[in-house]
Amino acid sequence: MTIARLILLCVLLALVGFGLAVWQGVYRVPPAWNPWAPLDVQQPPNLLTGHKLRRLQDDPALCRLALDSAELRYTPMPDSLPDPTCPLTNTVRIEASALRFSAPFRATCSLAVAYALFETHDLRPAAEAHLGSPLVRLDHFGSFACRNIARSNRRSQHATANALDIAGFHLADGRRITVARHWSGDDPEARFLRAVRDGACRRFRATLGPDYNAAHHDHLHVDMGRFGICR
Ligand SMILES: [Zn+2]
């Protein structure tokens, strides 16, 4: 038997042993590392977070479990069809989180979970790190709009409440940061906004800001559609 085969055999035996230990209940996989356990928004994201987020997209009950682990005040909304091309299914109305919002907004459950992950693990830490003050409020331009992508004949993710346009933030010390005014440059406000964009790229499927095109000069568009992009 070659060395390579011996190593492979040892790895296989170790995996079988580990599997048996889990099956027999000798060893319990922590929920954060169990791919079948619901996503817990409070836990630090790990290699399985993306998988869990994709899994709950088609499973309303699983999605609600994740949402209930988040620091969100929300109301589940009945499915509706405001327009035949803009179905609203498995959505919630988000009223508040650890932050206040410029207005409550409608969101698909998976967008709401991705937002909660983003706020908890990226947005609020970025404010503390770059601006030295907690965030108290997020301003947005809305989530649901039954329309196409600008200059295209494809429906926007906004048409199903699967996208949010983030415009700015209020800090506990009274400062107000907006994408429109503070994106450019290398001051703490600009560094904060770029950290926010990078954090959004980790949590949402698509994140588009001023670096993408002029239509996004004053907001960060985030969505949970199929098309992955980070600009
Ligand atoms: Zn948008």
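Remember, it's a predicted structure, so these values are computed and weren't measured experimentally. (Residues numbered from 1 in each chain as written. Predicted model: local features only at pLDDT ≥ 70, side-chain atom pairs only at ≥ 80, totals over all residues. Heavy atoms only, no water.)

A short note on the overall build of the protein chain
Then step 1. A count of helical and extended segments in the protein chain gives six helices and ten strands.
Then step 2. Over its C-alpha atoms, taken along the principal directions, the protein chain stretches across nearly 65 × 45 × 35 Å.
Then step 3. The proportion of buried residues among the 231 residues of the protein chain is 41%.
Then step 4. Partitioning the contacts of the protein chain with sequence separation of at least 6, the portion at a separation of at least 24 is 52%.
Then step 5. If you sum the accessible surface of the protein chain, you get close to 12,400 Å²; carbon and sulfur atoms cover 57% of it.
Then step 6. Each charge class in the protein chain can be summarised by its mean position, and for the 27 positive and 21 negative side chains these summaries are 4 Å apart. (Helix = DSSP H or I, 4+ residues; strand = E, 2+ residues; numbered from the N terminus. Buried < 20%, exposed > 50% of the residue type's maximum accessible area, 1.4 Å probe, protein only. Contact = heavy atoms within 4.5 Å. Areas by Shrake-Rupley, 256 points an atom, 1.4 Å probe, with all protein chains shown as cover. Lys, Arg positive; Asp, Glu negative; His and termini not counted. Charge placed at Lys NZ, Arg CZ, Asp CG, Glu CD.)

Topic: the coordination of the zinc ion
Then step 1. Distances from the zinc ion to its protein donors, namely His-158 (NE2), Asp-165 (OD) and His-221 (ND1), fall within the range 2.0 Å.
Then step 2. Linear spacing of the donor residues for the zinc ion on their chain is H-x6-D-x55-H. Like His-158, the residue Asp-165 is buried in the burial classification. (Donors = N, O, S within 2.8 Å, 3.2 Å for Na, K, Ca; no water.)

As for the packing of helix 4 (residues 109-131) against helix 6 (residues 188-203)
Then step 1. In contact at an axis separation of 9 Å, helix 4 and helix 6 are set at 160 degrees when each is read in the N-to-C sense. Here helix 4 lies roughly antiparallel to helix 6, going by the angle between them. In this structure, the crossing between helix 4 and helix 6 has a hand that is right-handed. For the pair helix 4 and helix 6, the contacting residues are Ala-114, Leu-117, Phe-118, His-121, Asp-122, Leu-123, Ala-126, Ala-127, His-130 and Leu-131 in the first and Pro-188, Glu-189, Arg-191, Phe-192, Ala-195, Val-196, Gly-199, Ala-200, Arg-202 and Arg-203 in the second.
Then step 2. Considered class by class, the residues forming the contact of helix 4 with helix 6 number twelve nonpolar, three polar and five charged. (Axes fitted to C-alpha atoms, helices over the stretch in contact; angles between N-to-C directions. Parallel < 35°, antiparallel > 145°, perpendicular 65-115°, else oblique. Left-handed = near helix turned anticlockwise from the far one by under 90°. Nonpolar A, V, L, I, M, F, W, Y, C, P; charged D, E, K, R; others polar.)

Describing the packing of aromatic side chains
Then step 1. Evaluated as defined, the whole model comprises six aromatic pairs.
Then step 2. Between Phe-101 and Tyr-115, the ring centres sit 5.8 Å apart and the planes meet at 65 degrees, which makes this aromatic pair edge-to-face. With Phe-101 in strand 3 (residues 100-101) and Tyr-115 in helix 4, the pair connects residues that are 14 residues apart, well separated along the chain.
Then step 3. With a relative accessible area of 9%, Phe-101 lands in the buried category.
Then step 4. Their ring planes at 80 degrees and their centres at 5.4 Å tell us that Phe-169 and Phe-192 sit as a pair that is edge-to-face. (Phe/Tyr/Trp six-rings, centres within 6.5 Å; stacked < 30°, edge-to-face > 60°.)

Focus: a nonpolar patch on the surface
Then step 1. Residues Ile-3, Ile-7, Leu-8, Val-11, Leu-12 and Leu-15 make up a contiguous nonpolar surface patch of roughly 610 Å² in combined accessible area.
Then step 2. Its place among the elements puts Leu-12 in helix 1 (residues 3-23). (Patch = residues over 30% accessible without salt bridge, like charges linked within 9 Å, V, L, I, M, F, W, Y side chains within 5 Å. Salt bridge = Lys/Arg side-chain N within 4 Å of Asp/Glu carboxyl O.)

A word on the state of the cysteines
Then step 1. Applying the stated rule across the entire model yields three disulfides.
Then step 2. The disulfide partner of Cys-86 is Cys-146, and the S-S distance across this bridge is 2.0 Å. Given an S-S torsion of about 85 degrees, the disulfide between Cys-86 and Cys-146 has right-handed geometry. Placement of the pair is Cys-86 in the loop between strand 1 (73-77) and strand 2 (91-96) and Cys-146 in the loop between strand 5 (135-142) and strand 6 (163-171), with a sequence separation of 60 residues.
Then step 3. On the basis of relative accessible area, Cys-86 is assigned to the buried category, the value being 0%.
Then step 4. Take Cys-146: its relative accessible area is 33%, and that puts it in the partly exposed class.
Then step 5. The connectivity of the disulfide-linked cysteines in the protein chain, indexed sequentially, is 1-3, 2-4, 5-6. (Disulfide = S-S within 2.5 Å.)

Considerations on the pattern of salt bridges
Then step 1. Enumeration over the complete set of coordinates arrives at 13 salt bridges.
Then step 2. One salt bridge connects Arg-124 with Glu-71, and the closest N-O pair in it is separated by 4.0 Å. Of this pair, Arg-124 sits in helix 4 while Glu-71 sits in the loop between helix 3 (60-68) and strand 1, and the two are 53 residues apart along the sequence.
Then step 3. Here Arg-194 and Asp-186 are joined by a salt bridge, their closest N and O atoms 3.8 Å apart.
Then step 4. On the basis of relative accessibility, which here comes to 55%, the residue Asp-186 falls in the exposed class.

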